[in-house]
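# Descriptive analysis of the structure
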Amino acid sequence: MKTRNVKKTDLLHEKNNQRGKNSIVNAVLINKVDLSLSLKLQNLINYFVECINELQNNKKNILTDLLICIEHIKKITVNESGCFNRELENLFQEFLEGACYLGDIVKPLVNSEESSNAHLSDILLTAKTSHLQWLAVCILTELQITF
């Protein structure tokens, strides 16, 4: 029985009780990250890559989906430009310029399948889509690091 009384009067026991009542806790505040923005961009970039892969098979139907996807990416990157670091903004700018140029290459192919420049346009299309796929992978990697 005496051991119980000793523990209650023990200085360590008193300090623990005091700390529980009035204590200061160090805290780190972290900004809330908008994961929905990252998820939207990842989904759009992945869909863009899927459209590029289908572009060789069905140019007419995929072109409208591709152009809509480009506009959505452009809209998000303009509205949320302050959320990205400098490297990611540069990647988006290069990606959007290349994507717009891709649209300019595909539109004449859709309008006139049997033109004399069809072979040259197919070569340009292949080169541009490869470059855009590489940029898409870079953007997806940066999004995972940033967010």
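Parameters and conventions
Residues numbered from 1 in each chain as written. Predicted model: local features only at pLDDT ≥ 70, side-chain atom pairs only at ≥ 80, totals over all residues. Heavy atoms only, no water. Helix = DSSP H or I, 4+ residues; strand = E, 2+ residues; numbered from the N terminus. Buried < 20%, exposed > 50% of the residue type's maximum accessible area, 1.4 Å probe, protein only. Areas by Shrake-Rupley, 256 points an atom, 1.4 Å probe, with all protein chains shown as cover. Phe/Tyr/Trp six-rings, centres within 6.5 Å; stacked < 30°, edge-to-face > 60°. Axes fitted to C-alpha atoms, helices over the stretch in contact; angles between N-to-C directions. Parallel < 35°, antiparallel > 145°, perpendicular 65-115°, else oblique. Left-handed = near helix turned anticlockwise from the far one by under 90°. Contact = heavy atoms within 4.5 Å. 1 Å grid on protein atoms, 1.4 Å probe; cavity = no way out; pocket = protein on both sides within 12 Å on 5 of 7 lines; lining within 4 Å. Points joined across faces, edges and corners; volume = space filled by probe spheres on them. Core = buried A, V, L, I, M, F, W, Y, C linked by side-chain atoms within 4.5 Å. pLDDT = per-residue confidence, 0-100. Salt bridge = Lys/Arg side-chain N within 4 Å of Asp/Glu carboxyl O.

## Brief notes about the overall build of the chain
Counting its regular elements, the chain contains six helices and zero strands. In the chain, the succession of helices and strands from N to C terminus is α-α-α-α-α-α. Burial analysis of the chain (147 residues in total) assigns 31% to the buried set. Here the chain has roughly 10500 Å² of accessible surface; of this, 53% comes from carbon and sulfur atoms.

## A short note on the packing of aromatic side chains
Summed over the entire model, instances satisfying the criterion amount to two aromatic pairs. Ring geometry for Phe 48 versus Phe 95: centroids 4.9 Å apart, planes at 70°, classification edge-to-face. Highlighted residues: Phe 48 in helix α3 (residues 35–55) and Phe 95 in helix α5 (residues 86–111), separated in sequence by 47 residues. As far as the burial class goes, Phe 48 and Phe 95 line up, both buried. Between Phe 84 and Phe 92 the ring centres are 5.2 Å apart and the planes differ by 45°, which places this aromatic pair in the tilted class. Across this residue pair, the class does not change: Phe 84 and Phe 92 are buried.

## Quick word on the environment of Ile 70
When you line up the elements, Ile 70 lands in helix α4 (residues 59–79). Of the residues examined, Ile 70 reaches a relative accessible area of 3% and is grouped as buried. Sequence-wise, Ile 70 and Gly 103 are 33 residues apart; in three dimensions their C-alpha atoms are separated by 9.2 Å.

## What to know about the packing of α3 against α5
When two helices pack together, their arrangement is given by the angle between the helix axes and the distance between those axes. Their axes nearest at 13 Å, the elements α3 and α5 cross at an angle of 30°. One element, α3, and the other, α5, form an angle in the roughly parallel class. The interaxial crossing formed by α3 with α5 has left-handed handedness. Contacts between α3 and α5 pair Leu 41, Ile 45, Phe 48, Ile 52 and Leu 55 from the former with Phe 92, Phe 95, Ala 99, Leu 102 and Val 106 from the latter.

## Overview of the layout of surface pockets
Taken as a whole, the largest pocket holds about 150 Å³ of empty space. If you go around the largest pocket, the residues you meet are Lys 74, Thr 77, Ser 81, Phe 84, Glu 89, Phe 92, Gln 93, Leu 96, Glu 97 and Cys 100. Counting residues per element, the ones that place at least two in the lining of the largest pocket are α4 and α5. Here the lining of the largest pocket gets six residues from one element, more than from any other, and that element is α5.

## A closer look at the nonpolar core
Counting residues in each nonpolar core, the largest one holds 34 residues, and the members touching the most others are Phe 48, Phe 95 and Leu 102. Sorting the residues of this core by element identifies α3, α4, α5 and α6 (118–146) as the ones contributing at least two each. At 11 residues, α5 tops the list of elements feeding residues into this core.

## Here we look at the confidence of the model for the chain
Summarising the model, the chain shows a mean pLDDT of 78, and 69% of its residues fall at 70 or more. The spread of mean pLDDT over the elements of the chain runs between helix α1 (residues 2–9), the lowest at 51, and α3, the highest at 89.

## Here's the deal with the pattern of salt bridges
Tallied over the entire structure, the rule returns two salt bridges. Its salt-bridge partner being Glu 71, residue Lys 74 comes within 3.7 Å of it at the nearest N-O pair. Highlighted residues: Lys 74 and Glu 71, both in helix α4, separated by three residues, approximately one helical turn. Classification of Lys 74 as partly exposed rests on a relative accessible area of 28%. You can call Glu 71 partly exposed: its relative accessible area is 45%. Glu 89 is the salt-bridge partner of Arg 86, the closest N and O atoms lying 3.9 Å from each other. Separated by three residues within a single helix, Arg 86 and Glu 89 lie in helix α5, roughly one turn from each other. Since its relative accessible area comes to 27%, Glu 89 is described here as partly exposed.

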